[in-house]
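A look at the structure
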Amino acid sequence: MKRSVLHSVSLLSVVGLVALAVGLLYSKGTADLAAQDRQPIPFSHEFHAGRLGLDCLYCHRAAHQSPTAGVPSLQLCMGCHRNMDANQPGIQTLLDHWTRRQPVAWVRLQRLPDFVYFTHERHLANQVQCLDCHGQVESTPYTPRAATYEMGWCLACHQQRGASRDCITCHK
Amino acid sequence: MKLKRRTFIKALGLAAAGSFLPGCEREVHHLVPYVLPDDEIVPGVADWYASTCRECQAGCGVVVRVMEGRAKKIEGNSEHPLNQGKLCAKGQAALQGLYNPDRIREPLRRPEREGRRPFEPLAWEEALTQLTERLRKVQGPVIMISRPLSGTLAELVSTFMRAIDGELYFYEPGADLPLRAASRAAFGMDAWPHIDLAGSDYVLSFGAPFLEGWLSPVSLGIAYGQMRQGRPLTRGRFVQVEPRLSLTGASADRWIPIRPGTAGLLAMGIGQILLAERPSALPETQRRTYERIYGDIPLDRIAALTDIPREELVRTAREFGSAGAPLAIGGGAACAHTNATESLAAIQGLNVVTGRIGRPGGLRFYEPALFSGTQSIPWLTERSLGELAQRALSVVLLYDSNPLHTAPPSIPLRRLFEQADFVASFSPFMDDSTSAADLILPDHSPLESWGDHVQPTSFPTAIVSLSQPVVTPLYDTRAVGDTFLSLAHRLGLSGFPRETFHAFLQDRWRRLLSEQAGTHGEEAFAAAWAHHVQQGGWWGRPGRELTVTAAPPPLPHVPATFDGDDQNWPLYFHPYPSPSLGQGRGANLPWLQELPDALTSAMWGTWAEINPHTAQAHGIRQGDIVRIVSRYGSIEVPALYYPAIRPDVIAVPMGQGHQEYGRYASRRGVNPQSILAPLFDHRTGVLASAATRVRIEATGRPGRPVLLEPSALDPGHELLTIGKARSSP
Ligand code: SF4
């Protein structure tokens, strides 16, 4: 009796530890869902893309020529904000960074695991729209996260559009 | 143990709970954009910049992958004629030289010589002023010891040293100076021969480690591939002669375990047979001289001295003589004795006897490359370093050279640094020698600097490779060329019209391109310069081949001398440069440290390779610590059973045992140089690193060698099973 308790306890702890380790490893690669409200400046996509009607590529200028979409440089923000009302606290913070020539450390919200190779360039070149993956950006305050970005979700679209479903396409 | 259903379900529950736990972790990644965008950078898109590898003297072409201003990967430049897109491990690991946490990041000075006060930082202005003052008020000789330089930097530094009446020396441990001396002796040529491995169909190599770190390893590796598999109907054969089977030897068809120091004798024996049995291409008088010199010692005596049976000697000679394009080369182990030059001359003479000079697959000589200008800069050997240490020197300048680690302590070199009034170093890393300096003006990483490299004549195509900075400098360092220009201006020296090394380099290229490519005028130069920087250098057609006219007779045989008699010191000590760390330069790069040795799978340390018979006779178990004792000291290292070594030889790789060389190399392993006797190749003065005899003692303590295949340490399991060495007579 005693032996079997000991056995199950040790088995339980071993399995638990393994799961913990695997989970830890896995979580390293997934997106951080909880970080919405932790941006250093409360930037609103709804305002910029929706009300002002800015094109996504105006700020994320690398998207059509690079794997990553890119985050706009401070200079690009200042292109408009230089001549604007600086009364809001968020904009004040932005101006502050500009005066100190210090970049804004935005919190990253979208992140694919390291074992996935994804490129914006190919998707845009094949007429996938930003909102297909990122959702109604222009009507979402702060930063949206539209989809799960899990493999099944990617594959559904690849299948629909007749895109490659080879493993090697995304797992190089 | 039986797994009950209940237990299983419980385990499952815990596992599920376990996998939720990490979800609580809030790891935040940041996206930090530029303040001001760089128009040339597209985030996420790599730029590839061509440059030149500076990890060894070969100067292979590289392309560096740079993303968002950071160098990420180094590959071979496929357009470069020397390495054709290939790269060795050292070249790949050069990236870790750039990001190495132990780089010297700013100028440093030592407050006082005595005591162990640490170096303290100072501003560049102050550092340059200090050195200028020293050079201005100098009382005695000023010397500079540098790693071998090439191209424009060599010209700049030698012009500077001439202008201040100083002496510039190149120093590289294990330099193949005997090879050059032998070429001079055997062919009357003062140039590196091109070894046409690719065209040969029978390579008889006397210890030449051409697949490791010898001469130009990547291009020789490519040529070797050609020799073996590049021709539809011929697969070249390859015989390696050396006391310990090297990594290169492991690729050979046959290994001849020769007695250390007798490579020249074997060549004489083979020459004797060739001359006796085959019609020779030599003119009558020359033939007679060769007959006299090769026939000096009877064949049976040669067989006994080399410990190679007469039949094997005859067989090898006949194979060599009947091959279509035989090639005899020597280096490495054959170069590590007091008779290195004579041995190499005898080996190279075999190519003369078979008429292989200047023929495809033989030894060929090409016109020296363009604007070399470095021919006249003398090289230091361990012997001349020792002599230098006896002189009263005023200022010693040191650049990227570490003689205190690479020369044995039996040569009292420390004096050189202790007795000089002032020692300044330009090295990028703190090593055993630089830590003896009074002032350090650290160089950039090669990936941060401009430069060029002139291909020596060992390769037929004329090549001048270019290096360009691929990233902005990480620290407050300065390219050594710029430092020398600043010093020249402060000293008011004439002949240095340019402010920056980049401008100086362009001036030289203006000359080169106008002479070689007819590029005249600023506009044409600007376009050509951009093209060559992008391409990685300038290369022309194969240079003009030189005909060997004078062929002086080979040098008469001289027996190798050893330190220690064979009664008290029964074993030959055979230190060899590690294929990855060389003589220690690569030891501060973790990628090279963790690269398992291809033959033992050992890494991150030093070990001794010992024949299992010898080990067992001394009661040494696999992995045990063995004490190796010479007349000059002792070292303790774990022993690894290695059947591919003569029973009377014990081998230890060099490269480790640094006192100071950053966190990855310092106090790791041992330096086999530390027990070597001060014996030299008596013609060139290069250290005879295999001329020390030793005895071994079992300590009974188990060692902890780091092996990729630790099962090899099991009793009875031998690391290599490629046939056993014959036991000693
Ligand atoms: S042989 Fe290796 S270390 Fe030497 S230059 Fe070529 S790549 Fe660099």
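What counts as what
Residues numbered from 1 in each chain as written. Chains lettered and ligands numbered in written order. Predicted model: local features only at pLDDT ≥ 70, side-chain atom pairs only at ≥ 80, totals over all residues. Heavy atoms only, no water. Phe/Tyr/Trp six-rings, centres within 6.5 Å; stacked < 30°, edge-to-face > 60°. Helix = DSSP H or I, 4+ residues; strand = E, 2+ residues; numbered from the N terminus. Lys NZ or Arg CZ within 6 Å of the ring centre and 35° of its normal. Buried < 20%, exposed > 50% of the residue type's maximum accessible area, 1.4 Å probe, protein only. Contact = heavy atoms within 4.5 Å. Pairing = 2+ DSSP bridges. pLDDT = per-residue confidence, 0-100.

**Quick notes on the packing of aromatic side chains**
All names here are of chain B. Applying the stated criterion to the full structure yields 17 aromatic pairs over all chains. Where Phe501 meets Phe504, the ring centres are 6.5 Å apart and the plane angle is 20°; that geometry is what we call stacked. Pair noted here: Phe501 and Phe504 are both in helix H17 (residues 501-517), with a separation of three residues, about one helical turn. Among the aromatic side chains, those forming a connected cluster through ring pairs are Phe160, Phe426, Phe484 and Phe496. One cation-aromatic arrangement involves Arg244 over Tyr576; the distance from NZ or CZ to the ring centre is 3.7 Å. Here Arg510 stacks its cationic end above the ring of Phe525, 4.5 Å away from the centre of that ring.

**A short note on the side chain of Ser433(B)**
Residue and element names in this part refer to chain B. In this fold, Ser433 is placed in the loop between strand E17 (422-425) and strand E18 (439-440). For Ser433, a relative accessible area of 0% puts it in the buried group. Once residues within four sequence positions are removed from consideration, Ser433 is found in contact with Leu398, Ser401, Asn402, Pro403, Leu404, His405 and Phe417.

**A closer look at the sheet that holds strand E5 (residues 108-109) of chain B**
Residue and element names in this part refer to chain B. Strand order in this open sheet of eight strands is E6-E5-E18-E17-E16-E7-E8-E15, and the pairing throughout is mixed. The outermost strands of the open sheet, each flanked by one partner alone, are strand E6 (120-121) and strand E15 (379-380). Pairing between strand E7 (residues 142-146) and strand E16 (residues 395-399): five bridges, direction parallel. Bridge pairing in E16 links Met144 to Leu397.

**Focus: the confidence of the model for chain A**
All names here are of chain A. Across chain A, the average pLDDT comes to 82, with 77% of residues at 70 or higher. Across chain A, element-level confidence peaks in helix H6 (residues 120-125) with a mean pLDDT of 95 and bottoms out in helix H1 (residues 2-29) with 59. Confidence drops under pLDDT 50 across residues 24-36; counting only partners more than four residues distant or on other chains, this segment forms 25 contacts.

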